[in-house]
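Coordinates in review
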Amino acid sequence: MKKLILISSVIAASFLGMETQAATLDTSCNGVYKKWNTNSVTYRASSVGFPSGNDYRTALGHVITQFNKNPSKIRFSMQYGDTSVGMNNGQNEVWWSSSISAPAVAYTWSSCTWFFGWSNNISESDIVFKNTVNYTPGVEYGIRARADTLTPYGGASRPFKTTALHEFGHGAGLGHENGRYSIMGQDWDHIHRNYVYALAYMGEDANYGLRQLYGNNAGNVQDVGLVHWKYNGASGAYSSHIRTKLYNTSGVELPYSFVNGERRYNVSKGQQVRMELTYENNGESGQAPTIYYYVSTNNFISTADTLIASTSFALQPEGSVYTSTRTVTIPSTLNSGQNYFLGGLLDPNNTIAEVEESNNATYIPIRVN
Ligand SMILES: [Ca+2]
Ligand SMILES: [Ca+2]
Ligand SMILES: [Ca+2]
Ligand SMILES: [Ca+2]
Ligand SMILES: [Zn+2]
């Protein structure tokens, strides 16, 4: 005798213009996360906006490469040459438009359904960039951009790659973040720099969110990173960011002048100063990297510079994003009236194999009184 099993099911299609959402993870479907029900998602780039040989097409490829360094299981791929793009057409697409209000918008379609448990699976993601924004693709040094063209470093152009990583974060199911330093806050000043090289990256907070949604990659995806940016409070749904600072031993910010859009601090020979930096664990496991601190004659921090301090501490990849100060002494051998750079370098002996080895060092400009 057959039994009739009655399955109660609720389907509520949701459509969200994600720029207005303020949450790291969307739990609006009875507490379950909005996410893809797959770890492999393909996007299609418009043939009009991303033609062969175009720098933005190159940049889009770099963005996918950077996204795919995340320590969760989700991976994106990009196909090019889509001649017909549109919203809610069953295809995940990327294109340019003049008719959006934000610099970029991620549209996500998902369904909150019950089948012996709730799920909120994404069925389509479209990402649209506003073509009147003064973007730069940032492909001067391959995957890294020339830093001084970018707004966070006194340049005129908004970095396309940070914006795109933010939107692809939405495409994976991440909402906005306003409580810590995050690409899902203000994207354009969530960026790594050493020397002239600026690198757009997902960062610890977004990567932690992706691990919550899709689980650890389990492929030993590790990365520690050091940046001279930090959280600077909430700006609506977005975190705002500011450069890390240099303080005296009482915690008072040292006097500075703006040079090339950066604070260059006035220091004295032999002075003890507190150097503030942000230490991220963008990977899937806890790490305890060695950290070397240097003084350098240029803003390229490397093991060739003058070592002035070292330490080590544990960094957990749990989205807390660790900004802290370290006391160092300005060497008395420096020349008065000359510009130098203090800096830090994570994992100087390369004992941690990382998916990103080029984000381990950064600097703070100084001038010796
Ligand atoms: Ca299409
Ligand atoms: Ca579409
Ligand atoms: Ca390493
Ligand atoms: Ca690294
Ligand atoms: Zn957004």
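All values reported here derive from a predicted model rather than from experimental measurement.

Judged by nonpolar contacts, the single largest core of 38 residues is most densely connected at Phe 50, Phe 67, Phe 76, Val 94, Phe 129, Phe 160 and Phe 168. Breaking this core down by element, the ones donating at least two residues are strand S3 (40-46), helix H1 (55-67), strand S4 (75-82), strand S5 (93-97), strand S6 (104-114), strand S7 (118-130), helix H2 (160-172) and helix H3 (203-214). Here the element with the most residues in this core is H1; it accounts for 6 residues. Beyond its immediate stretch of four places on either side in the chain, Phe 160 contacts Phe 50, Tyr 56, Ala 59, Leu 60, Trp 96, Phe 129, Tyr 135, Thr 136 and Pro 137. If you look at the next biggest cluster of nonpolar residues, it comprises 26 residues, including Val 224, Met 275, Ile 291 and Ile 330.

Attention shifts here to the packing of aromatic side chains. Aromatic ring pairs are defined here through the distance separating the ring centres and the angle between the ring planes. For the structure shown, the criterion picks out 26 aromatic pairs. Residue placement shows Arg 144 over the ring face of Tyr 197; its charged tip is 3.9 Å from the ring centre.

Pairing between side chains of opposite charge can happen when their charged atoms approach one another. In total, this model carries 11 salt bridges according to the counting rule given. We note a salt bridge from Glu 262 to Arg 193, for which the minimum N-O separation is 3.9 Å. One end of the pair, Glu 262, is in strand S18 (residues 262-267); the other, Arg 193, is in strand S11 (residues 192-194), with 69 residues separating them in the sequence. With respect to class, Glu 262 is no different from Arg 193; both count as buried.

What follows covers the pairing of S5. A large share of S5 lies buried, amounting to 5 of its 5 residues. Here S5 shows two buried faces, one formed by Glu 93, Trp 95 and Ser 97 and the other by Val 94 and Trp 96. Here S3 runs beside S5; their pairing, made up of 2 bridges, is parallel. The partner of Arg 44 across the bridge, within S5, is Glu 93. The pairing of S5 with S7 spans 5 bridges and is parallel. Residue pairing across strands places Trp 96 opposite Phe 129, the latter belonging to S7.

Here we come to the environment of Asp 187. Positionally, Asp 187 belongs in the loop between H2 and S11. Assessed through its relative accessible area of 4%, Asp 187 is described here as buried. Taking C-alpha positions, Asp 187 is 8.6 Å from Pro 159, a pair spaced 28 residues apart along the chain. For Asp 187, the residues in contact, after removing those within four places along its chain, are Arg 158, Pro 159, Thr 162, Thr 163 and His 166.

Okay, the environment of Leu 25 next. Tracing the backbone through its elements, the reader meets Leu 25 in the loop between strand S1 (11-17) and strand S2 (34-35). We classify Leu 25 as buried; its relative accessible area is 13%. Sequence spacing of Leu 25 and His 176 is 151 residues, and the spatial spacing of their C-alpha atoms is 8.2 Å. Apart from residues no more than four positions distant in its own chain, Leu 25 is found in contact with Tyr 33, Leu 174, Gly 175, Gly 209, Gln 212 and Leu 213.

Procedures and definitions
Residues numbered from 1 in each chain as written. Chains lettered and ligands numbered in written order. Predicted model: local features only at pLDDT ≥ 70, side-chain atom pairs only at ≥ 80, totals over all residues. Heavy atoms only, no water. Core = buried A, V, L, I, M, F, W, Y, C linked by side-chain atoms within 4.5 Å. Buried < 20%, exposed > 50% of the residue type's maximum accessible area, 1.4 Å probe, protein only. Helix = DSSP H or I, 4+ residues; strand = E, 2+ residues; numbered from the N terminus. Contact = heavy atoms within 4.5 Å. Phe/Tyr/Trp six-rings, centres within 6.5 Å; stacked < 30°, edge-to-face > 60°. Lys NZ or Arg CZ within 6 Å of the ring centre and 35° of its normal. Salt bridge = Lys/Arg side-chain N within 4 Å of Asp/Glu carboxyl O. Pairing = 2+ DSSP bridges.

Without other data, these values stay purely geometric and don't point to any function.
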